[in-house]
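Spelled out from the first residue to the last, the chains are:
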Amino acid sequence: MLIRLQKFLAEANIASRRKAEELIQAGRVRVNGKTVTELGTKVDDEKDIVEADGKEVRIEGKLVYIMLNKPEGCVTTAHDQFNRRTVLDLVEGVSERIYPVGRLDYDTSGLIILTNDGDLTYRLTHPKHNVAKTYIALVDREPTEEEIHTFENGVVIDGRKTAKARLKVIKQDDVGAYLMIVIHEGRNRQVRKMCEAIGHPVRRLKRTATGKLTLGKLKKGQWRYLTDEEIAYLKSL
Ligand code: URA
């Protein structure tokens, strides 16, 4: 969010708004390495680096929201007992203690949200929450109409039937068949187990969307801050 520099300094408890203005005018404040003396200057409270007298200033308790395109070969827990790479290792330069919202398997890639907003995490990961999650799965061959029907009406995995889901074949080539799958639950290895249940084991899996939030052009291993609209959308779910 863009806020005036003096407000930023005041919210970071550096000084009152009035004193902050004095600091700025005295040339004691830098934004991204450049001294700023203009009082109206706006800063992005998530991205810009603000310093007062050479020391970085931060707003404590600031909530941050990040989208990461998780590559395969890393875990979505904050710490791993086998010392494998975690998604947090990929988000450099963020000083807040953030954690992933929900899970993606070690061998699954794609969209994962990271935040320090515990309320939002709680709501989005609650079992009764049924935001749609979209995946692209690579399997060996196209499922039949009947298999698709079975999949969409729910299959039994781990002794319990899954909720209604969607499956659409989007492409078939020499490599295999690419399926677009939409589910509304978040059970353990759910997409893999559902595909297995109709006889189509998944070779590669990627999450492309959570609700309306999509990966867009974000490449594997890259991350970005969510926009204000995206944050508002998540909170509205
Ligand atoms: N379903 C899976 O099987 N794996 C994931 O990582 C997410 C959904």
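No experiment lies behind these values; they were computed from the predicted model shown.

J.: Describe in detail the nonpolar core, supporting the description with residues and values.
T.: Core analysis: the largest hydrophobic core is formed by 32 residues, its most contacted members being F151 and I181. Residue assignment for this core shows that the elements contributing at least two residues are β7 (65-70), β9 (108-115), β10 (133-139), α4 (145-153), β14 (177-183) and α5 (190-197). Sort the elements by how many residues they give to this core and β14 lands first, with four residues. Domain assignment of the residues forming this core places at least three in each of domain 2 (65-127 + 213-236) and domain 3 (132-210).

J.: Please set out the site of the ligand residue by residue, giving values where relevant.
T.: Within the structure, the ligand sits among L104, D105, T108, Y135, R189, Q190, V191, R192 and L205. At a separation of 2.7 Å, a nitrogen atom of the ligand approaches a polar side-chain atom of D105. Coverage of the ligand by the protein chains reaches 95% of its 230 Å² of free accessible surface. For the shell around the ligand, the leading source of residues is α5, giving three residues. Residue-level mapping places the shell around the ligand at the junction of two domains, with at least three residues from each of domain 2 (65-127 + 213-236) and domain 3 (132-210).

J.: I'd like a rundown of the environment of R160, residues and numbers included.
T.: With respect to the secondary-structure elements, R160 resides in strand β12 (residues 160-161). As a C-alpha pair, R160 and E56 span 104 residues in sequence and 52 Å in three-dimensional space. Among residues more than four places away in sequence, those in contact with R160 are V155 and R187.

J.: Help me get a handle on the domain arrangement of the chain, residues and values and all.
T.: The domains assigned to the chain are domain 1 (2-57), domain 2 (65-127 + 213-236) and domain 3 (132-210). A separation of 50 Å is found between the C-alpha centroids of domain 1 and domain 3.

J.: Describe the pattern of salt bridges, listing the residues and the values that go with them.
T.: Counted according to the given criterion, the structure contains 18 salt bridges. Here R30 makes a salt bridge to E51, at a shortest N to O gap of 3.4 Å. Of this pair, R30 sits in strand β2 (residues 29-31) while E51 sits in strand β5 (residues 50-52), and the two are 21 residues apart along the sequence. Look at E51 and you get buried, because its relative accessible area is 16%. For E56, the salt bridge is made with R58, and the minimal N-O distance between the two is 3.5 Å.

J.: Run through helix α3 (residues 118-125), naming residues and quoting values.
T.: Those residues of α3 that sit buried are L120, T121 and L124. Looking down the long axis of α3, one finds its buried residues gathered within 100° of arc, a one-sided arrangement. In α3, the exposed positions that point more than 90 degrees away from the buried face belong to D119 and Y122. Along its buried surface, α3 packs onto β7, β8 (99-100), β9 and α6 (228-236).

The rules we used
Residues numbered from 1 in each chain as written. Predicted model: local features only at pLDDT ≥ 70, side-chain atom pairs only at ≥ 80, totals over all residues. Heavy atoms only, no water. Core = buried A, V, L, I, M, F, W, Y, C linked by side-chain atoms within 4.5 Å. Buried < 20%, exposed > 50% of the residue type's maximum accessible area, 1.4 Å probe, protein only. Helix = DSSP H or I, 4+ residues; strand = E, 2+ residues; numbered from the N terminus. Domains from an automatic or database assignment. Near = heavy atom within 4 Å. Polar contact = N/O pair within 3.5 Å; in protein donor to acceptor, adjacent residues only side chain to side chain. Areas by Shrake-Rupley, 256 points an atom, 1.4 Å probe, with all protein chains shown as cover. Contact = heavy atoms within 4.5 Å. Salt bridge = Lys/Arg side-chain N within 4 Å of Asp/Glu carboxyl O. Arc of directions from axis to C-beta.

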